[in-house]
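# Reading the structure
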Amino acid sequence: MKTAVPCYYHLDVEVSPERVGQVRRILAAHLRFWNLENLVEPVCSGAEMLLRAIDEHASDKNTSIEMWWNHQHLITAVGGNDHALRPDQDLRTCLQHLAATSDGWGCCAADTGAKVIWFSQRARAGARVPLVATAPEPITQEGLEVPREITPVARLAGPASRSNGVLEEAR
């Protein structure tokens, strides 16, 4: 059986307006290398929005970007080192964009106190498959009823004198 090998990419960058476009092209190149051309636009636009917001609001511009691809999900994480940056206030527009364009997203704090914002895209066989709940289909075959066994419940309840009372209460 052939198993899929996960892919990982890490980039440390000092954010500036000039570097945002360069980082976008670097991420796009890695996604194309992983045969994920269909995810280039949503991933790069999300990362670009986060980098521009960090450039605008953060005092510490050193940022780490990571991408993990496990052949089902691509997770992109952008971590800033600015302890004063508040994602709920400073990055509200970016988070709304991520919520609208990704299958999942979140924000957490690293061990160093830095903020990490991540978002995921789901794809299989070169096509993005949205996470949508499917309606249950009716069962076409009749199932056999399995008889219930009360003996294990009686054993868990305790001695035989108490088990009758417990079983009566359960009925």
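Please read all numbers here as calculations on a predicted model, not as lab measurements. (Residues numbered from 1 in each chain as written. Predicted model: local features only at pLDDT ≥ 70, side-chain atom pairs only at ≥ 80, totals over all residues. Heavy atoms only, no water.)

On to a nonpolar patch on the surface. Residues Tyr-8, Trp-68 and Ile-75 make up a contiguous nonpolar surface patch of about 270 Å² in total accessible area. Along the polypeptide, Ile-75 turns up in strand 3 (residues 73-80). Residue Ile-75 is classed as partly exposed on the basis of its relative accessible area of 31%. (Patch = residues over 30% accessible without salt bridge, like charges linked within 9 Å, V, L, I, M, F, W, Y side chains within 5 Å. Areas by Shrake-Rupley, 256 points an atom, 1.4 Å probe, with all protein chains shown as cover. Salt bridge = Lys/Arg side-chain N within 4 Å of Asp/Glu carboxyl O. Helix = DSSP H or I, 4+ residues; strand = E, 2+ residues; numbered from the N terminus. Buried < 20%, exposed > 50% of the residue type's maximum accessible area, 1.4 Å probe, protein only.)

Let us now look at the pattern of salt bridges. Applying the stated criterion across every chain yields a total of 4 salt bridges. For Glu-41, the salt bridge goes to Arg-24, with nearest N and O atoms at 2.8 Å. Separated by 17 residues along the polypeptide, Glu-41 in helix 2 (residues 40-57) and Arg-24 in helix 1 (residues 17-33) bring together distant segments of the chain. Classification of Glu-41 as partly exposed rests on a relative accessible area of 47%. Of the residues examined, Arg-24 reaches a relative accessible area of 23% and is grouped as partly exposed. Put simply, Glu-48 and Arg-24 hold a salt bridge, and the shortest N to O gap is 2.6 Å. With a gap of 24 residues between them, Glu-48 in helix 2 and Arg-24 in helix 1 connect regions that are remote in the sequence.

Another aspect to go through is the state of the cysteines. One pass over the full model with this rule turns up 0 disulfides. Just so you know, Cys-108 is unpaired, no disulfide at all, and the nearest cysteine sulfur is the one on Cys-107, 6.5 Å from it. (Disulfide = S-S within 2.5 Å.)

Time to look at the nonpolar core. Formed by 34 residues in total, the largest nonpolar core has its most connected members in Leu-27, Leu-31, Trp-34, Ile-65, Met-67 and Leu-74. Of all the elements in the fold, those that place two or more residues in this core are strand 1 (7-14), helix 1, helix 2, strand 2 (62-69), strand 3, helix 4 (92-101) and strand 5 (115-124). Looking at this core element by element, the count peaks at 8 residues for helix 2. Residue contacts for Met-67: discarding those within four places in its chain leaves Cys-7, Tyr-8, Tyr-9, Leu-27, His-30, Leu-31, Trp-34, Val-43, Leu-74, Ile-75 and Thr-76. (Core = buried A, V, L, I, M, F, W, Y, C linked by side-chain atoms within 4.5 Å. Contact = heavy atoms within 4.5 Å.)

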